Amino acid sequence: MEFINLLSSFFLLLGSIFIITGAIGIIRMPDFFLRMHACSIIETLGVFFLSVGMILLSGISLNSLKIILLLLVIFFVSPTVSHIISQAAKHHSSPSEKQ
């Protein structure tokens, strides 16, 4: 049981590090598309590692199934929404921003 808690803590810490790194990237990046890349780091790696840590903490239960379903929804919806937003931003950007 101690090993599972240690492994879960590792994944939670790793997910938190990716989320903090992505948040700093959102603040520091100069361009909209670079900020979207920083958001994708948060969405994919941060959420994945946090979810794995929570699954390990909760064990085999209904909560684990709910976390897995939420993780699947995030992984299928997030790239689609990011693509739609980036295409809309590219389409509506001014000529001076396209250079």
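Above: the structure in question.
Here the structure is a predicted model, which means the values were calculated and not measured. (Residues numbered from 1 in each chain as written. Predicted model: local features only at pLDDT ≥ 70, side-chain atom pairs only at ≥ 80, totals over all residues. Heavy atoms only, no water.)

Position of serine 86 relative to the elements: it lies in helix 3 (residues 62-92). Exposure remark for serine 86: the relative accessible area of 16% places this residue in the buried category. A polar side-chain atom of serine 86 sits 2.9 Å from the main-chain carbonyl oxygen of histidine 83. (Helix = DSSP H or I, 4+ residues; strand = E, 2+ residues; numbered from the N terminus. Buried < 20%, exposed > 50% of the residue type's maximum accessible area, 1.4 Å probe, protein only. Polar contact = N/O pair within 3.5 Å; in protein donor to acceptor, adjacent residues only side chain to side chain.)

The next subject is the environment of phenylalanine 49. Structurally, phenylalanine 49 can be placed in helix 2 (residues 32-58). Residue phenylalanine 49 is classed as buried on the basis of its relative accessible area, which comes to 15%. When neighbours within four sequence positions are excluded, phenylalanine 49 is seen to be in contact with Phe11, Leu12, Leu14, Gly15 and Phe18. (Contact = heavy atoms within 4.5 Å.)

We now examine the packing of aromatic side chains. Scanning the entire structure with this criterion turns up six aromatic pairs. Of the aromatic side chains, those joined through ring pairs into one cluster are Phe10, Phe11, Phe18, Phe48, Phe49 and Phe75. (Phe/Tyr/Trp six-rings, centres within 6.5 Å; stacked < 30°, edge-to-face > 60°.)

A grouping of Phe32, Phe33, Leu62, Leu65, Ile68, Leu69, Leu72, Val73, Phe76, Val77, Val81 and Ile85 is seen on the molecular surface, where their side chains present a nonpolar patch of about 1100 Å² in accessible area. Put simply, the parts of the chain that give the nonpolar patch at least two residues each are helix 2 and helix 3. The element that contributes the greatest number of residues to the nonpolar patch is helix 3, accounting for ten residues. By the secondary structure assignment, leucine 62 is in helix 3. Look at leucine 62 and you get exposed, because its relative accessible area is 55%. (Patch = residues over 30% accessible without salt bridge, like charges linked within 9 Å, V, L, I, M, F, W, Y side chains within 5 Å. Areas by Shrake-Rupley, 256 points an atom, 1.4 Å probe, with all protein chains shown as cover. Salt bridge = Lys/Arg side-chain N within 4 Å of Asp/Glu carboxyl O.)

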